[in-house]
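# Overview (structure and organization)
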Amino acid sequence: MKPVVIILLFTLFAGSCYKMTVTYGTPECMEQKIAAFSKQAVCSNAAVKLYQFQNEAVYVFDPGDCGADLLSEVANNRCQSIGFLGGIAGNTKINGEEFSTAVYIKAIWQK
């Protein structure tokens, strides 16, 4: 086999080992944040979900339910963390408002 064919085959197989699928229209900085989260997510039901909260789109990085005290980070569409939900304290507020008022839009990424 020629070296070019071997390199081409290697590239094809190496690139197909892992493909992260993120919903179309997700900001590029958020795609990078999701890629990092997906590599460290341990639980089989980890996900990133899009909500409407306090008049803006926010993303909840849900680590799943395989740990008792795991925190879910909440980030705005500029990739800035605005708070955390859950954890040992059971936090339910972001910026002083109950997150239960958020409107679920869709899952952006799921493990």
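Preceding block: the structure.
Report follows, based on the coordinates. (Residues numbered from 1 in each chain as written. Predicted model: local features only at pLDDT ≥ 70, side-chain atom pairs only at ≥ 80, totals over all residues. Heavy atoms only, no water.)

Let's shift gears to the pattern of salt bridges. Under the defined criterion, the tally for this structure stands at three salt bridges. Note that K33 and E73 form a salt bridge whose closest N and O atoms lie 3.3 Å from each other. A residue pair is termed long-range when its members are at least 10 positions apart, and K33 in helix α2 (residues 28-40) and E73 in strand β3 (residues 71-76) qualify at 40 residues. Taking relative accessible area as the criterion, E73 reaches 16% and is therefore assigned buried. Residue R78 is joined to E56 by a salt bridge in which the shortest nitrogen-to-oxygen separation is 3.5 Å. Taken as a pair, R78 in the loop between β3 and β4 (81-86) and E56 in strand β2 (residues 56-62) lie far apart in primary sequence, 22 residues in all. (Salt bridge = Lys/Arg side-chain N within 4 Å of Asp/Glu carboxyl O. Helix = DSSP H or I, 4+ residues; strand = E, 2+ residues; numbered from the N terminus. Buried < 20%, exposed > 50% of the residue type's maximum accessible area, 1.4 Å probe, protein only.)

Attention shifts here to the state of the cysteines. Using the criterion set out here, one finds two disulfides in the structure. Here C29 is linked by a disulfide to C79, with a sulfur-sulfur distance of 2.1 Å. In this structure the cystine formed by C29 and C79 twists about its S-S bond by roughly 90°; its chirality is therefore right-handed. Placement of the pair is C29 in helix α2 and C79 in the loop between β3 and β4, with a sequence separation of 50 residues. Note on C79: relative accessible area 19%, which makes it buried. (Disulfide = S-S within 2.5 Å.)

Let us now look at the sheet that holds β2. If you trace the five strands from one edge of the open sheet to the other, you get β4-β3-β2-β1-β7, paired in antiparallel fashion. Two strands close off the open sheet at either side, each with one partner strand: β4 and β7 (103-110). Here the strands of the sheet are splayed against their neighbours by 25° on average, with no regard to which way each runs. Of the pairings in the sheet, the one linking β2 to β3 comprises four bridges and is antiparallel in character. Its bridge partner being in β3, F61 is matched across the sheet by E73. Where α2 meets the sheet, it contacts β1 (47-53), β2, β3 and β7, and its direction lies at approximately 10° from that of β2. (Pairing = 2+ DSSP bridges. Axes fitted to C-alpha atoms, helices over the stretch in contact; angles between N-to-C directions. Contact = heavy atoms within 4.5 Å.)

Treat this as a map of the structure, not an account of what it does.
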